[in-house]
Amino acid sequence: MHTEASVDSAQPLPGDFAIWIFIFAELVVFGVLFGAYAFARSTHVELFNASQLTLNRAYGFANTLILVTSSYFVARATQSIKAGRGTACGNWLAAALGLGGMFLVLKLVEFHQDFAQGISLSTNLFYMFYLALTFFHFMHVVMGMAILAVVTYKAYAGRYSAANHTGVETGGSYWHMVDLVWIILFALVYVIH
Amino acid sequence: MKYQSQKVAKPYFIAALALFVGQIVFGLIAGLQYLHGTFLFPELPFDVTRMSHTNLLIVWLLMTFMGAAYFIVPEEAQTELYSPRLALVTFWVFLIAAALTIVAYLFVDYAHLAAITGNAILPTMGRGYLEQPLPTKIGIVLVALSLLFNVTMTLIKGRKTSINLILVGSLWGLALLFLPAFYFPHDTVKASYAWWWVVHGWVEGDWELILGALLGFILIKMTGVDREIVEKWLYIIVAMTLISGLIGIGHHYYYTGAPSYWIWLGSIFSALEPIPFILLIAFSFKMLLQRRREHPNKAAMLWALGTPIMAFLGAGLWGFMITLAPAQYYMHGTNFTAAHGHLAFFGAYAMISLAIISYAMPLLRGRTANSAAAQRWEIAGFWIMVLSMLGIALALTGAGIVTVILQRAADDPMPFMQVQDKARVFFWVREFAGVGFFIGLLVYLRSFFIAGEYEYASEMKQALAA
Amino acid sequence: MQQVFTKAMARNIFLGGAVFFLAIYLALSYDTWQRIPERDHADKMTSAVLRGKYLLDSNDCIGCHTVNGEGAYFAPELANVYKRRGPVFIKAWIEAQPTGVPGRRQMPNFHFTQNQLDDLVAYLQWLSNIDTNNWPPNIQG
């Protein structure tokens with residue numbers, strides 16, 4: 001394999017190193033976004049608190065459970081392929097994909113309700129952040145599902161094995177990142193007063 | 001040089017340097033008009049000087065990019081260029097069209113030029129960098145199509161390296177991003193929003209990909225580092241460029257009538273725009289340290305390593321200075337932007353152009369590297385130009401500070417022209433630095449007229465004696 | 001075990017990231033497009049305003065001036081000049097050019113008719129009412 005002569009420690013990062021550069025970049029982007037949210041909130045605390053109460057926390061909480069469960073499924077998929085069970089790996093991934101789909105549906109329902117109330121990016125600062133952050137994350141779920149779909153297809157097609165499962169770990173790492181960001185987002189935007 | 005058809009790059013590079021000289025001459029005139037407003041008036045109003053200066057810049061950079069494409073694509077594809085004849089015809093069409101356009105600027109009143117070139121039917125004129133009359137704009141599209149056809153056909157029949165894919169892909173992007181130049185809506189806010197598709201799309205997006213491809217090619221050739229390593233880092237760097245730069249376009253939308261959310265989104269993403277430039281520096285120097293050969297063309301190596309550093313200063317540092325919305329509130333539309341524009345255009349695009357010319361021209365003239373004497377002139381030119389451009393950027397920054405203090409952030413703000421008077425000393429410094437730059441350019445050009453090639457034996461003897 | 005880092009994955013990230021952020025930019029641009037007409041009072045773009053805009057463009061005014069901070073930094077901001085100077089002064093000023101004051105920056109005379117001057121002023125008035133998030137910071141532009 002073409003390797004950068006950098007990492008040869010006992011515990012390398014799972015998956016392709018390139019995805020970790022990308023994950024790091026994504027976390028920086030989200031980190032700056034969250035930081036900006038916190039800064040904006042500190043200057044408009046009352047506006048943020050009042051607007052936050054209008055959000056549907058039940059949807060948010062359900063979506064958190066959905067993504068955490070899907071992350072667990074992805075972890076099981078990685079375990080399966082390490083044991084050489086390609087079909088089981090594919091099944092776990094397909095289940096995770098199904099949950100990802102549920103997340104999208106639920107979030108779309110929520111967006112629809114927001115738009116029906118006339119909420120837009122220009123309504124106020126809180127809704128600007130709420131919509132920008134959740135839409136940005138929504139797109140990440142779409143992207144994560146696209147990656148998982150490719151990995152699932154390859155798992156069923158028998159392209160992975162106990163010896164060669166970098167692809168599963170790579171896609172899984174990205175999906176865990178999407179999950180992690182949602183947990184922070186949910187806490188920050190929906191919950192913390 | 002491995003393929004005969006690469007020779008077609010030579011006229012492109014020579015014409016580029018000639019146009020570069022023209023650009024600097026107009027720059028010096030413009031700088032003088034800042035200080036002495038009646039200089040060459042009414043024969044040469046400031047706006048004509050300025051559009052000649054900026055359009056020559058774009059044309060000579062495009063000339064180099066095209067020359068570089070004709071030089072690199074065959075070598076990477078390991079096959080002759082699809083049609084060297086077409087490339088040569090395209091060269092003359094482009095050069096003549098560019099020259100005619102500049103002549104028209106100089107000798108035809110702009111409104112009259114608009115009237116006789118059909119601007120009333122499809123208005124495109126009167127926007128910064130896109131001042132060209134309609135026939136010139138159509139000509140640019142045709143030239144681009146010819147280039148794309150030629151290099152794409154070459155790529156299809158040859159080896160598809162990542163360098164070539166990024167280079168040809170970004171040339172397609174360059175052409176596509178020019179098309180909004182034909183879209184000039186009546187609504188001024190929409191017009192400004194779409195104008196940035198061309199300008200930001202080029203200089204903070206697509207051209208950075210071209211820069212990456214050219215730099216990657218030069219580094220592979222000069223350091224002998226494994227292509228796989230260079231190419232995968234290149235992908236990571238250009239990925240970062242687009243991740244930060246696509247939404248980063250929002251830093252042009254704060255105060256031009258677009259919705260307020262761009263203030264946040266633009267600030268957040270454009271704050272990340274220096275990252276690809278930092279990666280580019282790290283990448284270049286890592287390749288230098290891992291080099292497997294000592295290339296005799298020291299001058300080209302200097303340009304190649306200077307490019308990421310100066311690009312970081314101009315695009316990264318000076319760009320960051322004005323990119324966050326609260327800072328830009330005071331700096332927008334001042335000479336801060338001019339300082340950033342000068343240092344970024346030179347540091348990123350002029351320098352990568354001079355780097356590829358420095359690497360390729362000796363090969364096109366039948367030698368691996370120029371003689372040590374010629375390289376000494378070229379390196380002297382490098383330092384004089386780089387330091388002079390830093391002087392220009394610092395002087396313009398000074399002028400920007402004067403505007404911010406006296407006009408933008410003052411309790412009792414002064415009118416524009418009074419503030420300009422207070423900034424005179426900085427405009428003088430800028431003009432002197434500009435003269436310095438011109439001298440540096442002449443020193444650089446002198447290196448082309450020193451005959452002979454690099455002599456390993458005599459250089460080795462000298463090194464041992466010393 | 002060595003760390004895996006493939007060129008194919010780096011390329012996929014580049015392509016995926018580009019498409020991803022382009023999609024987000026297009027979505028935001030769609031929203032912006034819906035908002036602009038209310039922010040710049042597009043309903044008040046009369047034919048005089050459009051004629052005035054054409055005059056401003058076809059004479060390359062932004063080759064010296066700025067409009068909402070975009071253009072050249074050789075001459076004053078035009079987007080708020082209507083509020084700074086008023087219509088009478090603007091017309092008189094344009095007609096009086098060039099000043100010919102030795103050494104002072106010169107503006108050409110464009111030989112506008114009275115109707116054209118009215119159109120220009122109409123456009124400058126329209127420009128001065130765009131919601132630019134309170135930019136410029138003060139009337140001097």
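Residues numbered from 1 in each chain as written. Chains lettered and ligands numbered in written order. Predicted model: local features only at pLDDT ≥ 70, side-chain atom pairs only at ≥ 80, totals over all residues. Heavy atoms only, no water.

Looking at an unreviewed UniProt entry, one finds chain C named Nitric-oxide reductase subunit C, with Sulfuriferula multivorans as its source organism.

Taking an unreviewed UniProt entry as the reference, chain A is identified by name as Nitric oxide reductase activation protein NorE belonging to Sulfuriferula multivorans. In its Sequence similarities (unreviewed entry) section, the UniProt record describing chain A reads: "Belongs to the cytochrome c oxidase subunit 3 family." (UniProt positions renumbered as here; feature names shortened; annotations may be inferred.)

Caption draft 1: The arrangement of the overall build of chain A in detail. Of regular secondary structure, chain A possesses six helices and zero strands. When its C-alpha atoms are laid out on the principal axes, chain A stretches across 55 × 35 × 20 Å. The buried share of chain A, reckoned over its 193 residues, is 50%. The contacts in chain A between residues at least 6 apart in sequence include a share of 82% that link residues at least 24 apart. Carbon and sulfur atoms make up 68% of the accessible area of chain A, which amounts to about 8,300 Å² in all. For chain A, the distance from the average position of its 8 positive side-chain charges to the average position of its 9 negative side-chain charges is 10 Å. (Helix = DSSP H or I, 4+ residues; strand = E, 2+ residues; numbered from the N terminus. Buried < 20%, exposed > 50% of the residue type's maximum accessible area, 1.4 Å probe, protein only. Contact = heavy atoms within 4.5 Å. Areas by Shrake-Rupley, 256 points an atom, 1.4 Å probe, with all protein chains shown as cover. Lys, Arg positive; Asp, Glu negative; His and termini not counted. Charge placed at Lys NZ, Arg CZ, Asp CG, Glu CD.)

Caption draft 2: Region of interest: helix α2 (residues 45-52) of chain A. Residues and elements named next belong to chain A. Every buried residue of α2 is accounted for by Phe-48, Ser-51 and Gln-52. Looking straight down α2, one finds its buried side chains confined to an arc of 100 degrees; they lie on one side. On its buried face, α2 sits against α1 (17-43), α5 (125-156) and α6 (166-191). (Arc of directions from axis to C-beta.)

Caption draft 3: Here's a closer look at the packing of helix α2 (residues 46-77) of chain B against helix α3 (residues 84-107) of chain B. Residue and element names in this part refer to chain B. Here α2 crosses α3 at 175 degrees, and the two axes come no closer than 10 Å. In terms of their interaxial angle, α2 and α3 are classed as roughly antiparallel. Counted together, Val-48, Met-51, Ser-52, Asn-55, Leu-56, Val-59, Leu-62, Met-63, Met-66 and Tyr-70 of α2 and Ala-87, Thr-90, Phe-91, Phe-94, Leu-95, Ala-98, Ile-102, Tyr-105 and Leu-106 of α3 form the full contact between these two elements. The class makeup of the residues in the contact of α2 with α3 is 16 nonpolar, three polar and no charged. (Axes fitted to C-alpha atoms, helices over the stretch in contact; angles between N-to-C directions. Parallel < 35°, antiparallel > 145°, perpendicular 65-115°, else oblique. Nonpolar A, V, L, I, M, F, W, Y, C, P; charged D, E, K, R; others polar.)

Caption draft 4: Representation of the nonpolar core. Counting 236 residues, the largest nonpolar core has Met-63, Trp-207, Trp-262 and Tyr-444 of chain B as its most contacted members. Per-domain counts for this core show at least three residues from each of domain 1 (1-38) and domain 2 (40-141) of chain C. With sequence-adjacent residues up to four places away left out, Met-63 of chain B is seen in contact with Tyr-12, Ala-15, Ala-16, Leu-19, Phe-91, Phe-94 and Leu-95 of chain B. Counting 26 residues, the second-largest nonpolar core is a separate cluster that includes Val-49, Leu-120, Val-121 and Leu-124 of chain C. (Core = buried A, V, L, I, M, F, W, Y, C linked by side-chain atoms within 4.5 Å. Domains from an automatic or database assignment.)

Caption draft 5: The interface of chain B and chain C, seen in detail. Contacts between the two partners involve 83 residues from chain B, matched on the other side by 65 residues from chain C. Across the chain B/chain C interface, buried area totals approximately 6,300 Å², and carbon plus sulfur atoms make up 65% of it. On inspection of chain B and its partner chain C, the count reaches two salt bridges. Glu-231 of chain B is paired through a salt bridge with Lys-7 of chain C; the nearest N and O atoms lie 2.6 Å apart. The interface formed by chain B and chain C holds 35 residue pairs in polar contact (both at pLDDT 80 or more) in total. (Buried area = accessible area lost by both parts, 1.4 Å probe. Salt bridge = Lys/Arg side-chain N within 4 Å of Asp/Glu carboxyl O. Polar contact = N/O pair within 3.5 Å; in protein donor to acceptor, adjacent residues only side chain to side chain.)

Caption draft 6: Fine view of the UniProt feature "transmembrane region" (unreviewed entry) in chain A. Residues and elements named next belong to chain A. Following the UniProt record, the feature "transmembrane region" (unreviewed entry) maps to residues 17-39, 60-78, 90-109, 129-153 and 173-192 here. Its end C-alpha atoms 33 Å apart, residues 17-39 is made of 100% helix and 0% strand. In residues 129-153, helix accounts for 100% and strand for 0%; the two terminal C-alpha atoms are 36 Å from one another.

Caption draft 7: Region of interest: the interface of chain B and chain A. At the interface, 15 residues of chain B touch 21 residues of chain A. Note on chain B versus chain A: buried area summed over both sides is about 1,600 Å², and carbon and sulfur give 82% of it. For chain B, the biggest contributors to the area lost against chain A are Tyr-261, Trp-264 and Ile-268 of chain B; these three give 36% of the whole. In this structure, the connection of chain B to chain A is made through zero residue pairs in polar contact (both at pLDDT 80 or more). Going through the elements one at a time, α8 (227-248) and α9 (261-270) of chain B are the ones with two or more residues in the side of chain B that touches chain A. The element that contributes the greatest number of residues to the side of chain B that touches chain A is α8 of chain B, accounting for seven residues. Residue classes in the side of chain B that touches chain A are distributed as twelve nonpolar, no polar and three charged.

Caption draft 8: Fine view of empty space enclosed by the protein. All names here are of chain B. What the rule picks out here adds up to six cavities of 30 Å³ or more. Computed from the structure, the second largest cavity encloses a volume of approximately 260 Å³. Lining the second largest cavity are 23 residues, and of these Asn-55, Ile-58, Tyr-129, Gln-132 and Ile-140 lie nearest its centre. The set of elements that each furnish at least two residues to the lining of the second largest cavity consists of α2, α3, α5 (134-157) and α7 (188-223). (1 Å grid on protein atoms, 1.4 Å probe; cavity = no way out; pocket = protein on both sides within 12 Å on 5 of 7 lines; lining within 4 Å. Points joined across faces, edges and corners; volume = space filled by probe spheres on them.)

Caption draft 9: Layout of a nonpolar patch on the surface. Taken together, Leu-88, Trp-92, Ile-96 and Leu-100 of chain B make up a surface patch of nonpolar side chains, about 420 Å² in accessible area. Here Trp-92 of chain B is to be found in helix α3. (Patch = residues over 30% accessible without salt bridge, like charges linked within 9 Å, V, L, I, M, F, W, Y side chains within 5 Å.)

Caption draft 10: Highlighting the UniProt feature "domain: Heme-copper oxidase subunit III family profile" (unreviewed entry) in chain A. Using the residue numbers shown here, the UniProt feature "domain: Heme-copper oxidase subunit III family profile" (unreviewed entry) corresponds to residues 17-193 of chain A. As a span, residues 17-193 of chain A carries 85% helix and 0% strand, and end to end its C-alpha atoms are 38 Å apart.

Caption draft 11: Region of interest: the packing of α8 of chain B against α9 of chain B. Residue and element names in this part refer to chain B. Where α8 meets α9, the axes come as close as 8 Å, and the angle between the chain directions of the two elements is 160 degrees. The orientation of α8 relative to α9 falls into the category roughly antiparallel. At the point where α8 passes α9, the crossing takes the left-handed sense. Side by side, α8 and α9 meet where Ile-243, Ser-244, Ile-247 and Gly-248 of the first sit next to Trp-262, Leu-265, Gly-266, Phe-269 and Ser-270 of the second. Broken down by class, the residue content of the contact of α8 with α9 amounts to five nonpolar, four polar and no charged. (Left-handed = near helix turned anticlockwise from the far one by under 90°.)

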